[in-house]
Amino acid sequence: MYNWIYNKFGKNIANIFITIWYLAILFLVLISLDTYQARFKYGGW
Amino acid sequence: MSTIFLILGINIPLLLIYWLVNSQWKNTVIVVGTILFLVYISPLSLIVLLLSSTFIYFTLAKYNSNARTIVSLIISIAGILLFFKINITQQLFFNSNQLLPFGISYYSFRQIHYIFEFYKRKLPKHTFFDFISYLFFLPTLYIGPINRFPAFLKDNQRKRWDNQLFSYGLERILYGLFKVAFLGNLLISLKLNSYSENYIANFPWLYQYFQMVIFYFNAYFQFAGFSDIAIGLSATYGYRIIENFNYPFLAGNIADFWKRWHISLSEWCNDYVFQPTLSITRNFIISILFSILVLAAWHEISYKYILWGLSHVAALNIWHIYSSTKLHSRIEKNPIIQRPLGIFITIHFVMISFMLIKTDNLMDFWDFIQTIFLIHK
């Protein structure tokens, strides 16, 4: 996806896209962690 | 505080120091970081890991690759793992809530891998500290993958800053957190679970089906997510670690599933259980039975996991026989039918076998089977 945008629209647009993409994922992680049940529970096997 | 944030938290200052010091000190930084982490989270694990690793290295250095030494070393490492895995010993010696020493399942298998490779004389030249750095590598200590020593040593000798690898690592950590928190915990365990409750009264089979899907995909996202975090963290230190999952839900048959699910463990079982057993017994069924039983016991020593393992042994053998029939070669000529059918059967078999683990006892499992296949009770 990133490469496709990079080739089609150039470096700047691709960088903006990837920044928004990462921020969106981070946002989803953070709103998930806001719910108590969605926190990490792994104990180490 | 949750362990994962503790690990991420420790890694931020550790990474900074790691990339600032000279390359001869880099390993020391990780080893010290891991020791501090273990002192805080599981001192028992630190003692077990330190003593067993020192014992292995110096025994091998003294007696070299003498077959008797190798067998006794493997038995002692497997014995230590078994000792902590069997619940009865835990209840006898520790308080019943005591968890396993942190990460013991992973480092024991790494140690056995090291012993085997030492015996085969396939290990590159290395020092005691290289071996310690391999076992005390914080990113893969807690959830694998069960990475191999030669590959670790190769990255260990390079240790050069690589922009691309570092940003790839950060990306993998983010994707890992996303899989665990958003996909696994929020969407599957929470949202899909509460949605499925609408069907309890009118469509119990659909509810049970949802429960099965939830258990399987939650297990996948949790495990794959934590593996992503481990691989990502390793990449930020400049280490390329083997992948652990390769879209297991797209597996076209059960043998393919084991090449896509927990790859590092199934490869370990293939190299150190299946192949040696096959070369001794020359029998596919016995070898696959033995390796799947080791694989099941690695997870937990309980009849549920043994049954789960046996169901996979049966499936693998059925697949092995079926794949050499004319029917299979005829169906294989039609990939449009074969591929989706293969995926459908494999994923459903795997999900049902996972319910053996999820349900509390065999009666509950039988209840589940009756409900989902609409068998009149």
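Reading the values: rules and limits
- Residues numbered from 1 in each chain as written.
- Chains lettered and ligands numbered in written order.
- Predicted model: local features only at pLDDT ≥ 70, side-chain atom pairs only at ≥ 80, totals over all residues.
- Heavy atoms only, no water.
- 1 Å grid on protein atoms, 1.4 Å probe; cavity = no way out; pocket = protein on both sides within 12 Å on 5 of 7 lines; lining within 4 Å.
- Points joined across faces, edges and corners; volume = space filled by probe spheres on them.
- Helix = DSSP H or I, 4+ residues; strand = E, 2+ residues; numbered from the N terminus.
- Domains from an automatic or database assignment.
- Buried < 20%, exposed > 50% of the residue type's maximum accessible area, 1.4 Å probe, protein only.
- Polar contact = N/O pair within 3.5 Å; in protein donor to acceptor, adjacent residues only side chain to side chain.
- Contact = heavy atoms within 4.5 Å.
- Buried area = accessible area lost by both parts, 1.4 Å probe.
- Salt bridge = Lys/Arg side-chain N within 4 Å of Asp/Glu carboxyl O.
- Phe/Tyr/Trp six-rings, centres within 6.5 Å; stacked < 30°, edge-to-face > 60°.
- Lys NZ or Arg CZ within 6 Å of the ring centre and 35° of its normal.

(A) The arrangement of the layout of surface pockets in detail. Residue and element names in this part refer to chain B. Approximately 540 Å³ is the volume attributed to the second largest pocket. Lining the second largest pocket we find 23 residues, and of these Ala78, Trp268, Val273, Phe290 and Val294 sit closest to its centre. Counting residues per element, the ones that place at least two in the lining of the second largest pocket are helix H4 (67–85), helix H6 (104–119), helix H13 (263–281) and helix H14 (284–299). The dominant element in the lining of the second largest pocket, judged by the number of residues it contributes, is H4, at 7 residues. Mapped onto the domain boundaries, the lining of the second largest pocket takes at least three residues apiece from domain 1 (3–158) and domain 3 (248–372).

(B) Layout of the side chain of B:Ser196. Residue and element names in this part refer to chain B. By the secondary structure assignment, serine 196 is in helix H10 (residues 163–196). On the basis of relative accessibility, which here comes to 0%, the residue serine 196 falls in the buried class. At 2.7 Å, the side chain of serine 196 forms a polar contact with the backbone oxygen of asparagine 193. With residues up to four places along the chain from it excluded, the contact list for serine 196 reads Tyr207, Phe210, Gln211 and Ile214.

(C) Representation of the interface of chain A and chain B. Counting residues at the interface gives 18 residues for chain A, matched by 28 residues for chain B. Between chain A and chain B, the buried area comes to about 2,000 Å², and carbon and sulfur atoms account for 74% of it. Where chain A packs against chain B, one counts 0 salt bridges. Taken together, the connections running from chain A to chain B amount to 2 residue pairs in polar contact (both at pLDDT 80 or more).

(D) The packing of aromatic side chains, seen in detail. Residue and element names in this part refer to chain B. Evaluated as defined, the whole model comprises 54 aromatic pairs over all chains. On the basis of an interplanar angle of 80° and a centroid distance of 5.7 Å, the ring pair of tyrosine 220 and phenylalanine 245 is categorised as edge-to-face. In this pair, tyrosine 220 sits in helix H11 (residues 204–236) while phenylalanine 245 sits in the loop between H11 and helix H12 (254–260), placing the two residues 25 residues apart along the sequence. Of the two residues, tyrosine 220 and phenylalanine 245, both sit in the buried class. Taking the ring centre of tyrosine 18 as reference, the NZ or CZ of lysine 26 above it sits at 5.3 Å. Against the face of tryptophan 298 rests lysine 85, its NZ or CZ located 5.4 Å from the ring centre.

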